[in-house]
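Inside the fold
Chain residues, written in single-letter form:
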Amino acid sequence: MLDDAPAPLVSIRDLKMHFPIHSGLLRRRVGEVKAVDGVSFDVMEGETLGLVGESGCGKSTCGRAILRLYDITSGTITIDEREIGQTSQSALRTMRPIMQMVFQDPQASLNPRMNVEAIIREPLDEHTTLTAAEKREKVGELMDAVGLNRRFAKRYPQSFSGGQRQRIGIARALALNPKFIVCDEPIAALDVSVQAQVVNLLEDLQEQFGLTYLFISHDLSMVRHIATRVAVMYLGKIVELAPREAIYADALHPYTQSLLSAVPEPDPALASTRQRVILQGDVPSPSNPPEGCNFCTRCPAVMDICRTVEPEYREVRPGRFTACHLYTNSDATVDITALPDRATAARGETQPTRRTT
Ligand code: SF4
């Protein structure tokens, strides 16, 4: 690593979050939902790592597990050089100030019985010894920072719009001067007209306070705008991670290619030349994932090996990671729009081959 290269603030290794399934009168354990199943990545200091994938792929669970809102099944989570994967909830208290979360639904995440001042002040009450006057001033500064008028401090959340409520949630997340914030679909519940405002606010705050974000979203256009690097998740696993420019220009994994092909293209000339990749079938259940590659039941480029051997998640080019048998060496490039569809492949007319060039 170069001397001036950013260091990881957050390192996740082989993180698993499995939820037990109980059944019967005795509530016996009959299985488990593998919501997050062996995820590894770093988030560099000052960057925004976008985490994308379909609903139910485990991205929100992953964000919550990293902040230890769950007791994780296994793996390590290192934040600011402290390993917190197995730390007790009481010992985590000292770490809470540096790691915070912005929630998806600002309506549900704000207590309707507390006014704005009390909501933003709550973390200060819990974690600091500031005087009442100091807390009042801090709340005012935070309201200024997120673009809320201080005159609204005594109002209740229900008297604000969705965008303003999200600003309150962001102010609360900033109260303890965090280093790392998990933004869990922070714009998904907002009108399109205010989504860009909130994203711009997050960018401004990142610059102002030197924040590091894990930005979870299914909106690939917004992630393209805000993220430094992008990680793609499918059925509890990261299938590709790369710098933003690389992934949007030349996605490696067939799942990433299909996701990107569905992003609306505003330029009609470009849109008419783009080939849409429509995946067949549903996402398998995370309680019963397929053998081998977990994308093999839907992949347009599936090969025999994919159904039995799980592909290793590894760096196939500098800074580019993927888990796919198509990439047996670092120079491979596969365009799945040029591959036969699964029905054709199933008839044996043409089988995709592993690229080794
Ligand atoms: Fe498709 Fe096989 Fe790659 Fe999985 S390993 S994404 S099934 S080609």
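It should be noted that the structure appears before, not after, this text.
A short tour of the structure in this document, coming up.

So, about the packing of helix H6 (residues 162-174) against helix H7 (residues 192-209). Across the interface, H6 lies against H7 with an axial gap of 10 Å and an inter-helix angle of 20°. The angle between H6 and H7 places the two elements in the roughly parallel class. In the packing of H6 onto H7, the handedness of the crossing is right-handed. Contact with H6, carried on its side by Gly163, Gln166, Arg167, Ile170 and Leu174, involves Val194, Gln197, Val198, Leu201, Leu202, Leu205 and Phe209 of H7 and no other residues of that element. For the contact of H6 with H7, the class distribution of residues is eight nonpolar, three polar and one charged.

With that settled, the discussion passes to the sheet that holds strand E3 (residues 48-52). Reading across from one edge, E6-E7-E8-E3-E9-E10-E12-E11 is the order of the eight strands in this open sheet, with mixed pairing throughout. Among the strands making up the open sheet, the edge pair consists of strand E6 (99-102) and strand E11 (313-317). When the angles between neighbouring strand axes are averaged without regard to direction, this sheet yields 25°. Pairing geometry for E6 and strand E7 (residues 180-184), over four bridges, is parallel.

Let us now look at the sheet that holds strand E1 (residues 8-23). Read from one edge to the other, the open sheet built from four strands follows the order E2-E1-E4-E5, with strand pairing classed as antiparallel. Each end of this open sheet is capped by a strand with a single partner; those strands are strand E2 (28-44) and strand E5 (82-83). Inspection of the sheet shows E1 paired to E2 by 13 bridges, in the antiparallel sense. Within E2, the position partnered with Val10 by the bridge is Val43. Most of the contacts of helix H1 (residues 59-66) go to E1, to which it runs at about 115°, and overall it touches E1, E2 and strand E4 (74-79).

With that out of the way, let us pick up the pattern of salt bridges. Under the criterion given, the structure shown has 22 salt bridges. For the salt bridge of Glu117 with Lys154, the shortest nitrogen-to-oxygen distance reads 3.0 Å. Of the two residues, Glu117 sits in helix H4 (residues 116-127) while Lys154 sits in the loop between helix H5 (132-145) and H6, which places them 37 residues apart along the sequence. When the shortest N-O distance is used, the salt bridge between Asp250 and Arg317 registers 3.2 Å. One end of the pair, Asp250, is in the loop between helix H9 (244-249) and helix H10 (254-261); the other, Arg317, is in strand E11, and 67 residues separate them in sequence. Taking the relative accessible area as the measure of exposure, Arg317 reaches 18% and is therefore buried. Three or more residues are tied together by salt bridges with common partners; here these are Glu117, Arg121, Asp125, Lys135 and Lys154.

Analysis parameters
- Residues numbered from 1 in each chain as written.
- Predicted model: local features only at pLDDT ≥ 70, side-chain atom pairs only at ≥ 80, totals over all residues.
- Heavy atoms only, no water.
- Axes fitted to C-alpha atoms, helices over the stretch in contact; angles between N-to-C directions.
- Helix = DSSP H or I, 4+ residues; strand = E, 2+ residues; numbered from the N terminus.
- Parallel < 35°, antiparallel > 145°, perpendicular 65-115°, else oblique.
- Left-handed = near helix turned anticlockwise from the far one by under 90°.
- Contact = heavy atoms within 4.5 Å.
- Nonpolar A, V, L, I, M, F, W, Y, C, P; charged D, E, K, R; others polar.
- Pairing = 2+ DSSP bridges.
- Salt bridge = Lys/Arg side-chain N within 4 Å of Asp/Glu carboxyl O.
- Buried < 20%, exposed > 50% of the residue type's maximum accessible area, 1.4 Å probe, protein only.

Just geometry here; none of it tells us what the structure is for.
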